[in-house]
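Each chain, letter by letter, is given below.
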Amino acid sequence: MTNLNRTPSQRKIPGQLYLWLAVLIFGASSAVTRKLTELGAQHFMDGHNPISLCNVLFVGNLCALLVLLILYGRQWNRANLRQLSQRNWLNLTLVAILSGAIAPALFFQALALTQVNNVVLIGRLEPPFTLALSIWLLRERSNRWEVIGTTLALMGVLLTIFLQPSLQGMNFRIAGVGESLAVIGAISLAISTIISKKWLSEVPTAIYGIFRTALGTIVFFFAALVLYGSHHFVEIFSPFLWRWMLIYGVIIVVLGQSFWVRGLRASTVSTASLISSFTPIVGVFAAYWILDEAPTQAQYIGGSVILFGLFLSQMGSLQMAHRRNLPQVEPMEVENGIGFKGL
């Protein structure tokens, strides 16, 4: 079934390249989101910010859904849909709610309550969660270098978090509301990854992307209505908002999601987890370049540890590929990807 959305030229592209492109997009997404909300604050309409975080998630997903329908709408047909079992639909629903609604909403709310770098770094707790679940539930094999590398990446995140108060005098509290929301969001993404890998490996990217985006948007909209009230969406028809969200939806949601799905289908969970550990490095540089948030000494130390962990992990991945006498870039028709994890 996956051959429906993979051409011969796409099969020649290394799966890890897709993952790295996705990480570049996801790493910059938090800074881009904050920048857009600041831009909206400079163009208030009737006393409201037209690019509020709720509007960014809701309208951005609508724009992404429109693009997905244009690109893949023909594959959303009765013949393809009939090939999916009830279990497929149940797991698609779970993944759509977890990665398409709950996790993005938690990360967006965290962005409103704490610094961008804090959200990016705490979000990197997801790869160790994912790797642990893949070994426990999926029985995936990882060599010691991959485990050591992932552990070092986790240590780098923790160092960045816990060294901040002593080095910079910052009022960072891991138990803060924003930080706690980011932790729950990371756990939600890890669970959705495992569900996708275990039960959605043969679902075409087109059906996966359209269904996940559509259901995630609907769930978020009604949840926001209940939690925040209808006034949070009073500016959703603003041309100013939609102009920016079309760009945001295509680049952040559609391209990022598509790259990640294709990359994870051609890689193992452990490889994807290790590559995604690079996200905080991208996030820190993006925050500096886009928001002028200079990295702290703690972030330099933690980032260096994360990079060293990535180096060891990649050495382990190359070692395993060599032992199997397989090229490291050869795609494997076994995996599916997770949802929007750009924060």
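Rules used in this analysis
- Per chain, the residues get numbers from 1 upward, laid out in the order the sequence is written.
- For this predicted model, a pLDDT threshold of at least 70 governs which residues receive local features, and a threshold of 80 or more governs which side-chain atom pairs are given and counted, while totals over whole chains, interfaces and linings are taken from all residues.
- Excluding hydrogens and water, the side-chain values take into account all heavy atoms of the structure.
- UniProt positions are given in the numbering used here, feature names are shortened, and annotations may be inferred rather than shown by experiment.
- Strands here mean DSSP runs of E at least two residues long; helices mean DSSP runs of H or I at least four residues long; both are numbered from the N terminus.
- The buried label goes to any residue with under 20% of its type's maximum accessible area, the exposed label to any with over 50%, and the partly exposed label to all in between, with areas taken from a 1.4 Å probe on protein chains only.
- Two residues form a contact once any of their heavy atoms are found within 4.5 Å.
- Methods summary: accessible areas were calculated by the Shrake-Rupley approach with a probe of 1.4 Å, and residue burial reflects only the protein chains presented.
- Axis geometry follows a simple rule: fit a line to the C-alpha atoms, using only the stretch in contact for helices, then measure angles between N-to-C directions, giving values from 0 to 180 degrees.
- Relative orientations are named as follows: roughly parallel for angles under 35 degrees, roughly antiparallel for angles over 145 degrees, roughly perpendicular for angles from 65 to 115 degrees, and oblique for any other angle.
- Helix crossings are classified by the rotation of the near helix relative to the far one: an anticlockwise turn of less than a right angle makes the crossing left-handed, while a clockwise turn makes it right-handed.
- Side-chain classes follow a simple rule in which Ala, Val, Leu, Ile, Met, Phe, Trp, Tyr, Cys and Pro form the nonpolar group, Asp, Glu, Lys and Arg form the charged group, and the remainder, Gly included, forms the polar group.
- Stacked, tilted and edge-to-face are the three classes assigned to paired rings of Phe, Tyr and Trp, where Trp is represented by its six-membered ring and a pair needs centres within 6.5 Å; plane angles under 30 degrees give stacked, over 60 edge-to-face, the rest tilted.

The protein chain is annotated in an unreviewed UniProt entry as DMT family transporter from Leptolyngbya boryana CZ1. In its Subcellular location (unreviewed entry) section, the UniProt record describing the protein chain reads: "Membrane". Reading the Sequence similarities (unreviewed entry) entry of the UniProt record for the protein chain gives the comment "Belongs to the EamA transporter family."

## Side note on the overall build of the protein chain
Broken down by element type, the protein chain carries 15 helices and zero strands. Across the 343 residues of the protein chain, 57% fall into the buried class. Summarising the internal contacts of the protein chain: among those between residues at least 6 apart in sequence, 89% fall at separations of at least 24. If you sum the accessible surface of the protein chain, you get close to 15,300 Å²; carbon and sulfur atoms cover 66% of it.

## A word on the packing of helix α5 (residues 86-113) against helix α11 (residues 205-228)
At a closest axis distance of 8 Å, the pairing of α5 and α11 adopts a crossing angle of 50 degrees. Of the possible angle classes, the one that applies to α5 and α11 is oblique. The two elements α5 and α11 cross, and the hand of that crossing is right-handed. Facing Trp89, Leu92, Thr93, Val95, Ala96, Ile97, Ser99, Gly100, Ala101, Ala105 and Gln109 of α5, the residues of α11 in contact are Tyr208, Phe211, Arg212, Leu215, Gly216, Val219, Phe220 and Tyr228. Across the contact of α5 with α11, the residue classes break down as 13 nonpolar, five polar and one charged.

## A word on the environment of Ile247
Of note, Ile247 is situated in helix α12 (residues 239-265). Between the alpha carbons of Ile247 and Gly60 there is a distance of 8.6 Å; along the sequence they are 187 residues apart.

## Some points on the packing of aromatic side chains
Given two aromatic rings, one states the distance between the centres and the angle between the planes to describe the pair. All chains considered together, the criterion is met by nine aromatic pairs. Relative to Phe259, the ring of Tyr18 lies with its centre 5.9 Å away and its plane at 35 degrees, an arrangement referred to as tilted. Of this pair, Tyr18 sits in helix α2 (residues 15-41) while Phe259 sits in helix α12; the two residues are 241 residues apart in sequence, bridging distant segments of the chain. We classify Tyr18 as buried; its relative accessible area is 10%. Judged by centre distance (6.2 Å) and plane angle (55 degrees), the ring pair of Phe26 and Trp260 falls under tilted. In this pair, Phe26 is assigned in helix α2 and Trp260 in helix α12, connecting sequence segments 234 residues apart. Across this residue pair, the class does not change: Phe26 and Trp260 are buried.

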